[in-house]
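Here's the letter readout for the chains.
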Amino acid sequence: LNAVITAVSQSFNLRKILNDALPIILEAIRVEGGSVHTLDESGQFTIIAHHGFSSEYLRKIDCLRPGQEIVGNTVSFGHPIIVNDYSNNPGAIEIAGFTSYISFPMKSNSRVLGVLTLASHSSNAFDAETVRLVSAIADALGIAVDNARAALKLEEANKIREDLLKKLISAQEEERRRIARELH
């Protein structure tokens, strides 16, 4: 958990944060595949980071809405989805080539900002301790997403402020020149 928190604290670049964190998460949990989706303004979940999934499967799970695939169902159900043996779980959605998976909402201030999905080729890869750890990781990622978005908004607001300040200074200088011309 400390390694993940360190990785997500290094930058406010959302793509970099999540792409740096995912390999650390996969190694810590000892699984072979994973993805991180974030919720965009249109209500779609878009893949930001992934590892171990086929390109065909990635096309299938990109740009999802609540209720679609594992990512969307995690949000619709309002709780994590844990499947420890796909072959013995008739209602489970298949993740190509994987036997077990876990999918957690990434939240900050009770808002879902994304979904962390981890997958393993082994059955029963997610015991109670692992589930608690993944829950903490998903929470840390949710806070990191929220912080990165807040930093981006602040950066945009500062740019707007700078542009307005330049316009104000330009208008003041133009007014001074006009007054100077009238006086002479």
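Residues numbered from 1 in each chain as written. Predicted model: local features only at pLDDT ≥ 70, side-chain atom pairs only at ≥ 80, totals over all residues. Heavy atoms only, no water.

### Topic: the layout of surface pockets
Now for step 1: By volume, the largest pocket amounts to about 440 Å³.
Now for step 2: Taken together, 17 residues make up the lining of the largest pocket; nearest its centre are Leu-39, Glu-41, Arg-149, Leu-152 and Lys-153.
Now for step 3: At the level of elements, strand E1 (33-39), strand E5 (111-120) and helix H5 (128-183) are the ones that each hand at least two residues to the lining of the largest pocket.
Now for step 4: No other element matches H5, which puts seven residues into the lining of the largest pocket. (1 Å grid on protein atoms, 1.4 Å probe; cavity = no way out; pocket = protein on both sides within 12 Å on 5 of 7 lines; lining within 4 Å. Points joined across faces, edges and corners; volume = space filled by probe spheres on them. Helix = DSSP H or I, 4+ residues; strand = E, 2+ residues; numbered from the N terminus.)

### As for the packing of helix H2 (residues 14-29) against H5
Now for step 1: Look at H2 against H5: their axes get within 11 Å of each other, and the N-to-C directions meet at 170 degrees. Here H2 is positioned roughly antiparallel relative to H5, judged by the angle of their axes. Contacts between H2 and H5 involve Leu-14, Ile-17, Leu-18, Ala-21, Ile-25 and Ile-29 from the first element and Thr-130, Leu-133, Val-134, Ile-137, Leu-141, Ala-144, Val-145, Ala-148 and Arg-149 from the second.
Now for step 2: By residue class, the composition of the contact of H2 with H5 is 13 nonpolar, one polar and one charged. (Axes fitted to C-alpha atoms, helices over the stretch in contact; angles between N-to-C directions. Parallel < 35°, antiparallel > 145°, perpendicular 65-115°, else oblique. Contact = heavy atoms within 4.5 Å. Nonpolar A, V, L, I, M, F, W, Y, C, P; charged D, E, K, R; others polar.)

### A short note on the nonpolar core
Now for step 1: Leu-18, Ile-29, Leu-116, Leu-118 and Leu-141 are the most contacted members of the largest nonpolar core, which totals 27 residues.
Now for step 2: At the level of elements, H2, strand E2 (45-51), strand E4 (100-108), E5 and H5 are the ones that each hand at least two residues to this core.
Now for step 3: Core analysis: the next-biggest nonpolar cluster, separate from the first, contains 17 residues, Phe-45, Phe-98, Tyr-101 and Val-115 among them. (Core = buried A, V, L, I, M, F, W, Y, C linked by side-chain atoms within 4.5 Å. Buried < 20%, exposed > 50% of the residue type's maximum accessible area, 1.4 Å probe, protein only.)

### Side note on empty space enclosed by the protein
Now for step 1: If you walk through the whole model with that rule in mind, you get one cavity of 30 Å³ or more.
Now for step 2: As a volume, the largest cavity reaches approximately 50 Å³.
Now for step 3: Only E1, helix H3 (55-61) and helix H4 (69-77) provide two or more residues apiece to the lining of the largest cavity.
Now for step 4: Here the element with the most residues in the lining of the largest cavity is H4; it accounts for three residues.
Now for step 5: Residue composition of the lining of the largest cavity, grouped by class: seven nonpolar, three polar and one charged.

### As for the pairing of E1
Now for step 1: Where burial is concerned, most of E1 is hidden: six out of the seven residues are buried.
Now for step 2: As judged from the six bridges shared by E1 and E5, these two strands associate in the antiparallel manner. Each bridged residue has a counterpart across the sheet, and for Val-36 the counterpart in E5 is Leu-116.
Now for step 3: For E1 and E2, the ladder comprises six bridges, and the chain directions are antiparallel. Among the inter-strand pairings, Thr-38 is bridged to a residue of E2, identified as Thr-46.
Now for step 4: Adjacent in sequence and paired antiparallel, E1 and E2 are bridged by five residues, among which Gly-43 carries a positive phi angle near 90 degrees. (Pairing = 2+ DSSP bridges.)

### Comments concerning a negative patch on the surface
Now for step 1: A cluster of like negative charges, contributed by Asp-40, Glu-41, Glu-155 and Glu-156, occupies part of the molecular surface.
Now for step 2: Inspection of the secondary structure puts Glu-41 in the loop between E1 and E2.
Now for step 3: Judged by relative accessible area, Glu-41 falls into the exposed class, the value being 86%. (Patch = residues over 30% accessible without salt bridge, like charges linked within 9 Å, V, L, I, M, F, W, Y side chains within 5 Å. Areas by Shrake-Rupley, 256 points an atom, 1.4 Å probe, with all protein chains shown as cover. Salt bridge = Lys/Arg side-chain N within 4 Å of Asp/Glu carboxyl O. Lys, Arg positive; Asp, Glu negative; His and termini not counted. Charge placed at Lys NZ, Arg CZ, Asp CG, Glu CD.)

### Quick look at the pattern of salt bridges
Now for step 1: Applying the stated criterion across every chain, the model contains eight salt bridges.
Now for step 2: Between Arg-111 and Asp-146 there is a salt bridge, and its shortest N-O distance comes to 2.9 Å. Here the residue Arg-111 occupies a position in strand E5, and Asp-146 occupies one in helix H5, the gap between them amounting to 35 residues.
Now for step 3: Note on Arg-111: relative accessible area 41%, which makes it partly exposed.
Now for step 4: Linking Glu-174 and Arg-181 is a salt bridge whose minimum nitrogen-to-oxygen distance equals 3.9 Å.

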